[in-house]
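Structure assessment
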Amino acid sequence: MQYLTSFAPLPAPLVQELAELSELVFSPPAIDHHWRLGRMPEVSIFYARNEGGLIAFKTGYAIAESKYYSWLGAVHPDFRRRGIARQLTGMQHAWLVARGYCAVETSSRAENRIMAHLNLTTGFVMQGTKVEPHGLQVLWSKRLA
């Protein structure tokens, strides 16, 4: 397995692979990958591949000069529970610290206990909730070193 990083402008084949994995993992799959990853500032993708292709990713973008939004992440169902999401989160946060970001925010579906556990064990605190078309979202934030 290889852990890699890509920054804007992103290669179109990588964005397509990301969209395909995202559609496999999320329901409903109506996510604006191409728009967000092509237009938001300081876009990053931290990802893992094996000989079969993309198996996991963690994306994000700047939402303020010192604040970053960890937007979307997924691990292929066949590769879960191996620490891949934790590794990608660590890579993203180390990069954010090196770039001078002071905080990172994210959100997850309220029923996603795996994401809640990852967020709590990587230093996030719950800030509240919001209602989205696909359901209730939990809002998380973390101060960076």
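Here, every reference points to the structure presented above.
As a starting point, this report considers the structure included with it. (Residues numbered from 1 in each chain as written. Predicted model: local features only at pLDDT ≥ 70, side-chain atom pairs only at ≥ 80, totals over all residues. Heavy atoms only, no water.)

1. Digging into the overall build of the protein chain
Scanning the protein chain from terminus to terminus reveals four helices and seven strands. Relative to the 2.2 N^0.38 estimate, which gives 15 Å for 145 residues, the radius of gyration of the protein chain is 14 Å and therefore close to what a compact globule would have. Overall, the C-alpha framework of the protein chain stretches about 40 × 30 × 30 Å when taken along its three principal axes. Expressed as a percentage of the 145 residues in the protein chain, the buried residues total 43%. Accessible area of the protein chain: about 8000 Å², with a carbon and sulfur share of 54%. If you average the places of the 15 positive and of the 11 negative side-chain charges in the protein chain, the two averages end up 7 Å apart. (Helix = DSSP H or I, 4+ residues; strand = E, 2+ residues; numbered from the N terminus. Rg over C-alpha atoms; globule rule 2.2 N^0.38 Å. Buried < 20%, exposed > 50% of the residue type's maximum accessible area, 1.4 Å probe, protein only. Areas by Shrake-Rupley, 256 points an atom, 1.4 Å probe, with all protein chains shown as cover. Lys, Arg positive; Asp, Glu negative; His and termini not counted. Charge placed at Lys NZ, Arg CZ, Asp CG, Glu CD.)

2. Looking at the sheet that holds strand β1 (residues 2-7)
Strands sit in the order β1-β2-β3-β4-β5-β7-β6 across an open sheet of seven strands; the sheet is mixed. Strand pairing shows two members of the sheet lacking a second neighbour, β1 and β6 (125-132), which therefore form its edges. Across the sheet, the axes of successive neighbouring strands diverge by a mean angle of 25 degrees, strand direction being ignored. Note that β1 and strand β2 (residues 44-50) share six bridges and pair antiparallel. Bridge assignment links Gln2 to a residue of β2, and that residue is Arg49. Its contacts with the sheet place helix α1 (residues 12-25) against β1, β2, β3 (53-64) and β4 (67-75), and it is angled at close to 100 degrees to β3. (Pairing = 2+ DSSP bridges. Axes fitted to C-alpha atoms, helices over the stretch in contact; angles between N-to-C directions. Contact = heavy atoms within 4.5 Å.)

3. Concerning the nonpolar core
Soluble globular proteins: nonpolar side chains tend toward being buried together. Counting 19 residues, the largest nonpolar core has Ala56, Tyr68, Ile84, Leu88, Leu96, Tyr101 and Val104 as its most contacted members. At the level of elements, β2, β3, β4, α3 (84-98) and β7 (135-143) are the ones that each hand at least two residues to this core. Per-element tally for this core: the top contributor is α3, with five residues. Listed in part, the 17 residues of the second largest apolar core include Tyr47, Leu54, Phe57 and Leu72. (Core = buried A, V, L, I, M, F, W, Y, C linked by side-chain atoms within 4.5 Å.)

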